[in-house]
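One-letter residues, chain by chain:
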Amino acid sequence: MRNVAGNFDVYRATAPALGRVFHAEVDLVPSGNGAAFVVASLLPASVPLPSGQTVLSTLNGAELLSLRAGPLASWDVRLPNDARLAGLAITTQAFLLGGGPMRLSNAMDLEFGR
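Nothing here was measured: the structure is a model prediction, and the numbers come from that model.

Colleague: Can you walk me through the sheet that holds strand 7 (residues 72-78) in this structure?
Modeller: In sheet architecture, strand pairing relies on hydrogen bonds along the backbone and comes in two forms, parallel and antiparallel. An order of 1-2-7 is seen for the 3 strands of this open sheet, with the pairing classed as antiparallel. The two strands at the open ends of the sheet, each matched to only one other strand, are strand 1 (11-13) and strand 7. Going across the sheet, the axis of each strand differs from the next one's by a mean of 10°, ignoring polarity. Of the strand pairs in this sheet, strand 2 (residues 21-27) and strand 7 are connected by 7 bridges, and their pairing is antiparallel. Residue A24 lies in a different strand from strand 7, and its bridge partner there is W75.

This is the structure:
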């Protein structure tokens, strides 16, 4: 897990295991937001925003897990059992929306395993 001052420490994810279900969740209660989506990228980032928050996952070429409502937004994604994905590293971060200004979460740096 990676975080910086200004981002909410509310995002958790399981280690992605090939052929199994990947689970991610965002606790929206501390931020007061109503929904979240997750960005998954091949590259980490550190882009400070004027709001005092920091984008920790590169957005260019990123994949998105769809918007989910809270108070506990969650995703379950079955991963393919493809050995070519073993060792692939990704960075994920949640974007929290609704009920106030957009907020950013901590990042989870994950590696696909067996």
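Back to the write-up after that little detour.
Colleague: Would you explain the sheet that holds strand 6 (residues 63-69) in this entry?
Modeller: Ordered in space as 6-3-8-9, the 4 strands form an open sheet in which the pairing is antiparallel. In this open sheet, the two edge strands, each paired with only one partner strand, are strand 6 and strand 9 (103-111). Neighbour to neighbour, the strand axes of the sheet diverge by 20° on average, direction disregarded. The pairing of strand 3 (residues 35-41) with strand 8 (residues 89-97) spans 7 bridges and is classified as antiparallel.

Colleague: Just to check I follow, could you spell out the nonpolar core for this structure?
Modeller: Within soluble globular proteins, side chains that are nonpolar generally end up buried alongside one another. Within the largest apolar cluster, 20 residues are counted, with the highest numbers of intra-cluster contacts made by Y11, A13, F22, V26, A36, W75 and L96. For this core, the secondary-structure elements that each account for two or more residues are strand 1, strand 2, strand 3, strand 7, strand 8 and strand 9. Excluding residues that lie within four positions of it along the chain, A13 makes contacts with F22, H23, A24, M108 and L110. Core analysis: the next-biggest nonpolar cluster, separate from the first, contains 5 residues, F37, V39, V55 and F95 among them.

Colleague: How do you make sense of the pattern of salt bridges when you look at a structure like this?
Modeller: Using the criterion set out here, one finds 3 salt bridges in the structure. Between D109 and R2 there is a salt bridge, with its nearest N and O atoms 2.7 Å apart. Note that D109 is positioned in strand 9 and R2 in the segment before strand 1, a separation of 107 residues in sequence. With relative accessibility at 39%, the residue D109 sits in the partly exposed group. Look at R2 and you get partly exposed, because its relative accessible area is 24%. One salt bridge connects D9 with R12, and the closest N-O pair in it is separated by 2.9 Å.

Colleague: Would you explain the packing of aromatic side chains in this entry?
Modeller: For any two aromatic rings, the description comes down to two numbers: the centre-to-centre distance and the angle of the planes. Taken as a whole, this structure holds 1 aromatic pair when the rule is applied. Aromatic side chains F37 and F95 sit 5.2 Å apart centroid to centroid with 10° between the ring planes, which places their arrangement in the stacked category. With F37 in strand 3 and F95 in strand 8, this pair connects stretches of sequence that are 58 residues apart. Under the relative-accessibility criterion, F37 is labelled buried at 19%.

Definitions and limits used
Residues numbered from 1 in each chain as written. Predicted model: local features only at pLDDT ≥ 70, side-chain atom pairs only at ≥ 80, totals over all residues. Heavy atoms only, no water. Pairing = 2+ DSSP bridges. Helix = DSSP H or I, 4+ residues; strand = E, 2+ residues; numbered from the N terminus. Axes fitted to C-alpha atoms, helices over the stretch in contact; angles between N-to-C directions. Core = buried A, V, L, I, M, F, W, Y, C linked by side-chain atoms within 4.5 Å. Buried < 20%, exposed > 50% of the residue type's maximum accessible area, 1.4 Å probe, protein only. Contact = heavy atoms within 4.5 Å. Salt bridge = Lys/Arg side-chain N within 4 Å of Asp/Glu carboxyl O. Phe/Tyr/Trp six-rings, centres within 6.5 Å; stacked < 30°, edge-to-face > 60°.

Limitation: the analysis is restricted to geometry and does not speak to function.
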